[in-house]
Amino acid sequence: MASTGVRQTDFGRIRDFPAWARVQPRYWRQLLTHPKAIFRYCHLSEKFLPRTFMEFKDYYKTMGVTKDATPEDIKRAHRKLARKYHPDVSKEKNAEAQFKDLAEAYEVLRDPERRAAYDQLGANHHAGQEFRPPPEWASRQAAGGAGFDTGDGADHSAFFEELLRSMGGMGGGRSGAGRGAQATFDMHGQDQHARIQINIEDSYSGAARSLQLRIPDAETDRLQDRTIEFSIPKGIRAGQHIRLAAQGAPGMGRGSPGDLYLDVEFLPHRLYRVDKLDVYMDLPVAPWEAALGAEVEAPTPTGRVEVKIPPGSASGRKLRLKGRGLPAKTPGDFYFVLQMVVPTATHAAEKKAYEDLAAAFKTFQPRANLTE
């Protein structure tokens, strides 16, 4: 039987025929055996053959973007929603259906030619509206669109298949595409995080470090050791992260790998503690140094310095070195916090010195502020 460009499934049910054909079966039996008569009649009466009805899909609404969205906007929206609705990880209701709709929308909107054709088609339609393929679609199908297959085994919607069939298949004008072309799903790899602990001194000068990770192999699914070299930037603080591009999880299809973010923490230090950009160190002093004043040598992350202790200093007093905290556009400060250290009297001479001190300060009341 010669092909007419009209699919048999379009007219295979008697109830789809006009009333006169149902009343007089000899007419429709004749028509079924003469495809040319059927094809000729479809040009004379639109009532003879049932037209394909389907629901128009608003792909912009599916992706949560406006019609003037840039390709970057569409890519970002797809990446975000694909993670949200991926059936393997999503806990959303109807995630599989949502993921399917998203894949269809992205397949159309990411390609400039398909998007232009869709925009022209959607000018007079809105989501959920009954959609009838334009008459010119039938001629395109008859010219070679019949038997369209995305090649990925997916159960695409009728609207999606009709739309892409009208443009000659999945290719949308791109090389290597056409009837039966393979439809791929591309998704950027997931970003991953790892915690690292660094010394405070690393933030002052920067440093080169290596990190060993255990990651699953894509082919064997076994864990493999992987060493990554990276640099610690000068001035980094706890709570910030170091981004290692394309070192995260692999992408799907042609999607690029995700990034690896190293979340920074400071190792506990025996001398220094950090508060934002400021660095503190307890500086022990003798009673006579605090009382009479002194110059003492003390360490800092950038080297040793001479510290002048003012006379009459008390325990807890802070001595600031401006701009000697963590490096930054406006660097922090370094603080020496004075801590009084009282020597133990073990010999007679040492005890006698304390007795003389007590006699000299008979009026001193160290607990005067405790009185009610």
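The paragraphs below set out a description of the structure included in this document. Because the structure is a prediction, the values reported are computed rather than measured. (Residues numbered from 1 in each chain as written. Predicted model: local features only at pLDDT ≥ 70, side-chain atom pairs only at ≥ 80, totals over all residues. Heavy atoms only, no water.)

### A word on the overall build of the protein
Looking only at helices and strands, the protein has 12 helices and 13 strands in total. Classification of the 372 residues of the protein by burial places 34% in the buried group. The contacts of the protein with a sequence gap of at least 6 include a subset with a gap of at least 24, amounting to 58%. As displayed, the protein has an accessible area near 24,000 Å², and 51% of this comes from carbon and sulfur atoms. (Helix = DSSP H or I, 4+ residues; strand = E, 2+ residues; numbered from the N terminus. Buried < 20%, exposed > 50% of the residue type's maximum accessible area, 1.4 Å probe, protein only. Contact = heavy atoms within 4.5 Å. Areas by Shrake-Rupley, 256 points an atom, 1.4 Å probe, with all protein chains shown as cover.)

### A look at the nonpolar core
Note on soluble globular proteins: their nonpolar side chains tend to be buried together. Formed by 34 residues in total, the largest nonpolar core has its most connected members in Ile196, Phe230, Ile242, Leu262, Leu283, Val307 and Phe336. Membership of the second largest hydrophobic core comes to 18 residues, among which are Phe56, Leu102, Tyr106 and Tyr118. (Core = buried A, V, L, I, M, F, W, Y, C linked by side-chain atoms within 4.5 Å.)

### A few points about the sheet that holds strand S6 (residues 241-244)
Spatially, the 3 strands line up as an open sheet ordered S3-S7-S6, and their pairing is mixed. Of all the strands in the sheet, just strand S3 (192-198) and S6 have a single pairing partner and so form its edges. The average undirected angle you get between the axes of adjacent strands in this sheet is 25 degrees. Examined bridge by bridge, S6 and strand S7 (residues 260-266) share 4 bridges and lie antiparallel to one another. In the sheet register, Arg243 faces S7, and the bridge partner there is Tyr261. (Pairing = 2+ DSSP bridges. Axes fitted to C-alpha atoms, helices over the stretch in contact; angles between N-to-C directions.)

### Focus: the pattern of salt bridges
All chains considered together, the criterion is met by 9 salt bridges. The partner of Asp259 in a salt bridge is Arg243, with the nearest N and O atoms 2.9 Å apart. Pair noted here: Asp259 is in the loop between S6 and S7 and Arg243 is in strand S6, with a separation of 16 residues, a long-range link. Ionic pairing is found between Arg320 and Asp333, a salt bridge with its closest N-O pair at 3.3 Å. With Arg320 in strand S12 (residues 318-321) and Asp333 in the loop between S12 and strand S13 (334-340), this residue pair connects regions lying 13 residues apart in the sequence. (Salt bridge = Lys/Arg side-chain N within 4 Å of Asp/Glu carboxyl O.)

### Side note on the sheet that holds strand S8 (residues 272-275)
Spatially, the 4 strands line up as an open sheet ordered S8-S9-S13-S12, and their pairing is mixed. Where the open sheet ends on each side, the last strands, each with one partner, are S8 and S12. Along the sheet, successive strands turn relative to each other by an average axial angle of 30 degrees, direction set aside.

### So, the packing of aromatic side chains
This model, assessed by the stated rule, comprises 3 aromatic pairs. Plain terms: the ring middles of Tyr280 and Tyr335 are 5.0 Å apart, the flat faces sit at 10 degrees to each other, and that makes the pair stacked. Remark: Tyr335 occurs in strand S13 and Tyr280 occurs in strand S9 (residues 278-285); sequence separation between them is 55 residues. The buried category is assigned to Tyr280, whose relative accessible area is 14%. By relative accessible area, which is 16% here, Tyr335 ends up buried. Ring-pair connections join several aromatic residues into one group, and the members of that group are Tyr272, Phe334 and Phe336. (Phe/Tyr/Trp six-rings, centres within 6.5 Å; stacked < 30°, edge-to-face > 60°.)

### As for unusual backbone geometry
Phi is positive for Ala246, which is not a glycine, with a value near 60 degrees. Of note in this structure, Lys276 is not a glycine but carries a positive phi near 60 degrees. Among the structural elements, Lys276 can be located in the loop between S8 and S9. Residue class for Lys276 comes out exposed when judged on its relative accessible area of 70%.

### A short note on the pairing of S8
Direction of pairing for S8 relative to S9: antiparallel, over a ladder of 4 bridges. Note that in S9 the partner of Tyr272 across the bridge is Met281. The turn joining S8 and S9, which pair antiparallel and follow one another in sequence, is formed by 2 residues; a positive phi near 60 degrees is taken by Lys276.

### Digging into the environment of Tyr272
Of note, Tyr272 is situated in strand S8. Remark: the alpha-carbon pair of Tyr272 and Phe336, spanning 64 residues in sequence, is separated by 9.8 Å. If sequence neighbours within four positions are ignored, Tyr272 has contacts with Ile200, Glu201, Val279, Tyr280, Met281, Pro299, Thr300, Pro301 and Phe334. A polar contact is formed between the side chain of Tyr272 and the backbone oxygen of Thr300, at a distance of 3.3 Å. (Polar contact = N/O pair within 3.5 Å; in protein donor to acceptor, adjacent residues only side chain to side chain.)

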